[in-house]
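# Summary of structural features
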Amino acid sequence: MQKIGVFVCWCGSNIAATVDVQAVSDALAKEPGVVFSTNYQYMCSQAGQDMIQEKIKEYGLNGVVVCSCSPRMHEATFRKTCEKAGLNAYMVEIANIREQCSWIHKDKETGTEKAIILGRAAIAKVHLNAPLTAGTSPVIKRALVIGGGIAGIQTALDIAEAGFPVDIVEKKPTIGGKMTQIDKTFPTLDCAACILTPKMVDAAQNENINIISYAEVESVKGFVGNFHVAIRKKARFVDESKCTGCGLCTEKCPQKKVPNEFNLGLDNRRAIYIPFAQAVPKVAAIDPNYCTMLKTGKCGVCSKVCTAGAIDYTQKDELLEREYGAIVAATGFEPISMEKFDEFAYSQSPDVVTSLEFERLMNAAGPTGGTLLRPSDGTHPHTLVFVQCVGSRCDGGEKGKPYCSKICCMYTAKHAMLTREKYPDTDVYVFYIDVRTPGKNFDEFYRRAVEDYGVHYVKGMVGKVVPENGKLKVQASDLLGGQQLHIDADMVVLAAAIEPDQTARPLATMLTASMDTNDFFTEAHPKLRPVESPTAGVFLSGACQGPKDIPETVAQAGAAAAKVIGLLAKDQLTCNPCVANSNELMCNGCSACEKVCPYGAITYVDKDFRGPNRTTLRRRVAQVNPAVCQGCGACTVACPSGAMDLKGFSNAQIMAEVDAICK
Amino acid sequence: MSDMTEIVKRISGVNPRKCMKCGKCSAACPAYDEMDYHPHQFVDMVENGRLEELMNSKGIYMCLSCFACMERCPRSVEPAKLIEAVRLAVVRQQDRNHLKPEQIPALLDPELPQQAITSAFRKYRK
C-alpha cells in the first residue's frame, strides 16, 4: 500500500500568484494513495525541507511528490532531503508547476487546474516507482582543452598547476590565438605579445601540458569522466622532433606569394613558414596549397637548406586516440566577413580596413613595422574615421548579429588614442551609437581618448563611404550636432562584429553540447553555472561562450579550470541509476537498440533459456552496460518487442502519467 | 492625434520602438540638407506622438523614396515607409490637399525629383 505525501510550494509569489496552492493541495489530498498533502511558502528552504522529513517519519511515507519549480532546479535538493529521512531518493517525483504552469499562465483558474493535473500525473508515476541505487564509474584523470588561445592556455596552465595532465589541441601551427595579433591591450596599453608569449612558453615547458598543434578533434565518444577522443594531427611536412625553428627554410623558399594569414593578408609569406617569431611550438610548416614540391614534385629547396633534416614531404595526417575525464571548449572567435557591408567600401578600397587589420598596421611586428601607412599607397594618413558597431546590434538574419560584440568600444578608443599619441598631426573621428565601457578603468580610458588626446567622438553612424581621387568620402550623421557630416578621410577603420569560430558548431555536435542561435556555446545556467555546458564533463572557456575581452576571458578560463579540477579530483563518479534495462524474456535479438545507442552501451550475448518439454533454447539477447548507459531512452523507442525499458522512466510509468493527465 | 499615430504605424507596418537611434538613416539620406526634419527624427516623432508637427512639415515631401534608409537600417525600422504613411495621412485629410493640379506647371523644376511631386500630388476623395 502506497503512502504518498504531497508538498505544494508557493515559490513566494512565483507560483502562488497564478496558482491557488491551497486548492491544489486540497485536490491532490483526495488522490488514491495520498495520505498527507500540504502547501508552504518556500519548500526548498530549510524549514520546508525539515517539514518534508518530519512528515516522512510521522506518516511513514514511501513516496513523495513535490509540486514546485523545474526538476532541473531542485530535484536533487528534494531527493537529498528525502534520502536523509530514510526514503529512497528515486521515490521522489517533482511536478513542475512553475516553469510549465504558473510562469506561462496569466489566468489563476487555468493555472490551478493545470497544476492539479500535473500533480496528479506525478502521483500516478510515484505509484509505480521502485527504489533505485546509483552505481559508480571511474574518472580518467586527464583533461582535453580544445583551442590554444589565451582562454585555452590559461585553462590548461591552471589545470596543470593542480597536478593533472592536459592536452591542448590547436588547429593552427602555433598556439596563442587572436591575442598574438593584437598590438596593445586596453586599458593599460601593455603590449599583448609581452604578456602572452611568456604564458605560451610556460604552457610549452609545463610537464603536465602536451600541446598538439596543427590538429583538430575528429570525433568524441563516451561520457563524463570517460571520453574517447580522436584527434587528427595534420601533416605539416616537417618533423617536429627535429626542426630547431632556425627559420632558414622560410628565407630560402622560392614561393614568395602566399597571403600571410597572421597579418590578415596585408603582406605575403613563403610556402614553408613559421607563423611568427614567438610561435609555440617554433616549428615550420609547409602550406600544401602553395608548395611547389608538394604540387609538382619539383623544388625541394627547403629540404636542401635544412641542416636538421626535418623536412619530410611524405608525411601523412596522423590519427591520435586519447582518453579524457573532462573536455574544455575554448574555440574562440573570428571577426565577421565585411561582404554584406559594402556601404563602407571595404571591398572597393584597401584603405578601408577592419580593426584587427588596423592592429597589424600598428604592430611593430606587422607588415609596416609599426608605422601607420595607408595600404593603398604607403603614405601617412591624416584623417582617420572609425566606425563602431559594424554588423553588431543588427536586426539579425541578413543584416548582421543581434548582439553587442562588447570589445569594440574599448579597442576603438585604444586605436584612436594610440593614433593621436603617435601622430599628433592626425584628425581622428569615432562614430558611435553608444559608448559602452563597463569595466574597471574602462570609462576613464575612453574619457582620456576624448579629453587628453582630442579624439572626435561623434554620436551617429556612417551612412556611406565612397573612394574618390585617393580619398575616402565619408557621409555620416552627427545626431547631437544636428547635421550631416561629409569628411574626406584617408583611412576608414571598421569595428567588425565578432562571431564564434567556424569549428565551434561541428564541435558542439560531437560533444552533444548545446548552442544558441548565434553558435555560442550555452552554459548550464546563465548566472550560476556560467563555465559548464549542460552536457556533463564539458566546460566552456573564453569567447566561444559569448563575446569577451581578455580580462574576462582569463577569469572564465580559470573558473573552467577550477571546475575541471573539481571533477578530476574525484576517483569515482556517481552514475545515473535511471538506465536502460532489457527484459531478456521479451528480447528477440534484433539489434535495433544496439544500432541507435549513441554511447555503445548495448551488447548482445547468447544465453540459454529453458524451453518447453525440458528443452534448452539458446537465444541472442541484449545486455546493457549500466556504467556506460546515459539513460537517453533511444533504445526503448527503437525496441519493437517492448523489451527495453528505462529505470525510473518505464513505459508503464509514462503511460500512467498520460492516463492521469487525460483522466 | 494619437489615433493618427496609430494609423500611421499600422499602414506603414513600422514599429518605431525597434529604432536604436544610431542615425544611420540620416547618414545615408541624400536629401538630408533639404529637410527640416530628418529620417531619424521622423521615427522619433512618430514614437513620441509628435505627428502634427511632422504632418505640417515641408520636409516630408523632400523624401525621394530612394529607400537608402531602409536598406541601411541595422534594425529594419524602415523610415521611408513611415514617411510615405505620413504623406498619405496628410492627403487623406479632406480638403487638405497639399497640391492642386493647377499649381503644378508653376512648380516644375528640373532640380526637383519627380518622385517628390508625385508624392505631394497624391490625393484622396471621399
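Residues numbered from 1 in each chain as written. Chains lettered and ligands numbered in written order. Predicted model: local features only at pLDDT ≥ 70, side-chain atom pairs only at ≥ 80, totals over all residues.

This part takes up the interface of chain A and chain B. At the interface, 17 residues of chain A touch 14 residues of chain B. For the side of chain A that touches chain B, the elements supplying multiple residues, two or more each, are strand S24 (462-468) and strand S25 (471-478) of chain A. Residue composition of the side of chain A that touches chain B, grouped by class: 6 nonpolar, 6 polar and 5 charged. (Contact = placed C-beta atoms within 7 Å. Helix = DSSP H or I, 4+ residues; strand = E, 2+ residues; numbered from the N terminus. Nonpolar A, V, L, I, M, F, W, Y, C, P; charged D, E, K, R; others polar.)

Residue and element names in this part refer to chain A. One open sheet accounts for 4 strands, arranged S2-S1-S3-S4; its pairing is parallel. The open sheet has two free edges, formed respectively by strand S2 (34-40) and strand S4 (92-96), since each of these has just one partner strand. For this sheet the average axis-to-axis angle between neighbouring strands, irrespective of direction, equals 15°. Pairing analysis gives 6 bridges linking strand S1 (residues 4-9) to S2, with the strands arranged parallel. Bridge pairing in S2 links Gly 5 to Phe 36. Where helix H2 (residues 46-59) meets the sheet, it contacts S1, S2 and strand S3 (63-68), and its direction lies at approximately 165° from that of S2. Along the sheet, helix H5 (residues 108-128) makes contact with S1, S2, S3 and S4, crossing S4 at roughly 160°. (Pairing = 2+ DSSP bridges. Axes fitted to C-alpha atoms, helices over the stretch in contact; angles between N-to-C directions.)

Bringing the sheet that holds strand S11 (residues 215-223) of chain A into the picture now. Residues and elements named next belong to chain A. Taken together, 3 strands build an open sheet; the order of strands is S11-S12-S17 and the sheet is antiparallel. At either end of the open sheet lies a strand with only one pairing partner, and these are S11 and strand S17 (318-324). Across the sheet, the axes of successive neighbouring strands diverge by a mean angle of 20°, strand direction being ignored. Both strand S12 (residues 226-233) and S17 contribute to a ladder of 7 bridges, which runs antiparallel.

On to helix H7 (residues 192-205) of chain A. Residue and element names in this part refer to chain A. Taking 1.5 Å of rise per residue, the 14 residues of H7 would be expected to cover 20 Å, and the 20 Å separating its terminal C-alpha atoms lies within 8% of that figure. Here H7 has its buried residues at Ala 192, Ala 193, Leu 196, Met 200 and Ala 203. Around the axis of H7, the buried residues are gathered within 95° of arc, so they sit on the same side. Relative to its buried face, H7 has exposed residues pointing more than 90 degrees away, namely Cys 194, Pro 198, Val 201 and Gln 205. Elements in contact with the buried residues of H7: helix H6 (150-161), strand S7 (166-169), strand S8 (184-185), strand S9 (190-191) and strand S10 (209-212). (Expected span 1.5 Å × (residues − 1). Buried ≥ 20, exposed ≤ 12 C-beta atoms within 10 Å, placed from the backbone. Arc of directions from axis to C-beta.)

Now for helix H14 (residues 504-511) of chain A. All names here are of chain A. If you check which residues of H14 are buried, you get Ala 504, Leu 507, Ala 508 and Leu 511. Seen along its axis, H14 keeps its buried residues to an arc of 100°; they face one direction. Exposed residues pointing more than 90 degrees away from the buried face of H14 are listed as Arg 505, Pro 506 and Thr 509. Check the buried side of H14 and you find it contacts strand S6 (143-146), S11, strand S18 (326-329), strand S28 (498-500) and strand S29 (538-540). Trailing H14 by a residue or two, Thr 512 shows a phi angle of about 45°, which is positive.

Our next topic: the domain arrangement of chain A. For chain A, the assigned domains are domain 1 (4-128), domain 2 (143-234 + 317-332 + 501-568), domain 3 (248-305), domain 4 (336-499) and domain 5 (580-647). Each of domain 2 of chain A and domain 5 of chain A was reduced to a C-alpha centroid, and the two centroids are 39 Å apart. (Domains from an automatic or database assignment.)

Residues and elements named next belong to chain A. Relative orientation of the contacting elements H6 and H7 amounts to 45°, with a least axis distance of 10 Å. By the criterion of interaxial angle, the relationship of H6 to H7 is oblique. Classified by chirality, the crossing of H7 by H6 is left-handed. Touching Ile 150, Ile 153, Ala 156 and Leu 157 of H6 are Leu 196, Lys 199, Met 200, Asp 202 and Ala 203, all from H7. (Parallel < 35°, antiparallel > 145°, perpendicular 65-115°, else oblique. Left-handed = near helix turned anticlockwise from the far one by under 90°.)

Right, let's get into the nonpolar core. Residues and elements named next belong to chain A. Of all hydrophobic cores here, the largest spans 166 residues; its most connected members are Ala 143, Val 328, Ala 329, Phe 344, Val 385, Phe 431 and Val 492. Here this core takes 8 residues from helix H15 (residues 550-568), the largest share from any one element. Ignoring anything within four residues of it in the chain, the contact list for Ala 143 reads Ile 159, Phe 164, Val 166, Tyr 324, Gly 325, Ala 326, Val 328, Val 564 and Leu 568. Core analysis: the next-biggest nonpolar cluster, separate from the first, contains 41 residues, Ile 15, Ile 116, Leu 118 and Ala 122 among them. (Core = buried A, V, L, I, M, F, W, Y, C linked by C-beta atoms within 7 Å.)

This next bit is on the environment of Leu646(A). All names here are of chain A. Tracing the chain through its elements places Leu 646 in strand S34 (residues 644-646). Remark: the alpha-carbon pair of Leu 646 and Gly 631, spanning 15 residues in sequence, is separated by 6.8 Å. Setting aside its immediate chain neighbours within four residues, Leu 646 contacts Cys 578, Ala 580, Gly 631, Gly 633 and Thr 636.

So, on to the confidence of the model for chain B. Residues and elements named next belong to chain B. Overall, the predicted model of chain B reaches an average pLDDT of 85, with 87% of residues at or above 70. Least confident of the elements in chain B is helix H8 (residues 114-121), whose mean pLDDT is 68; most confident is helix H2 (residues 24-28), at 96. Here the prediction assigns the complex a pTM of 0.84, and the interface score ipTM is 0.79. (pLDDT = per-residue confidence, 0-100.)

All names here are of chain A. Look at the link from Phe 186 to Pro 187: it is a cis peptide, with omega at -5°. Looking at the element boundaries, Pro 187 is found in the loop between S8 and S9. Omega for the peptide link from Val 280 to Pro 281 comes to -5°, which places this bond in the cis form. Among the structural elements, Pro 281 can be located in the loop between strand S15 (272-273) and strand S16 (285-286). Positive phi, close to 50°, is recorded for Cys 11, a residue that is not glycine. For Cys 11, the location among the structural elements is in the loop between S1 and helix H1 (21-29).

It is worth spelling out the pairing of strand S33 (residues 616-624) of chain A at this point. Residue and element names in this part refer to chain A. The pairing of strand S32 (residues 602-610) with S33 spans 9 bridges and is classified as antiparallel. Across the sheet, the residue bridging to Phe 609 is Leu 617, located in S33. Hairpin connection of S32 to S33: 5 residues between the antiparallel strands, including Asn 613 at a positive phi of 55°.

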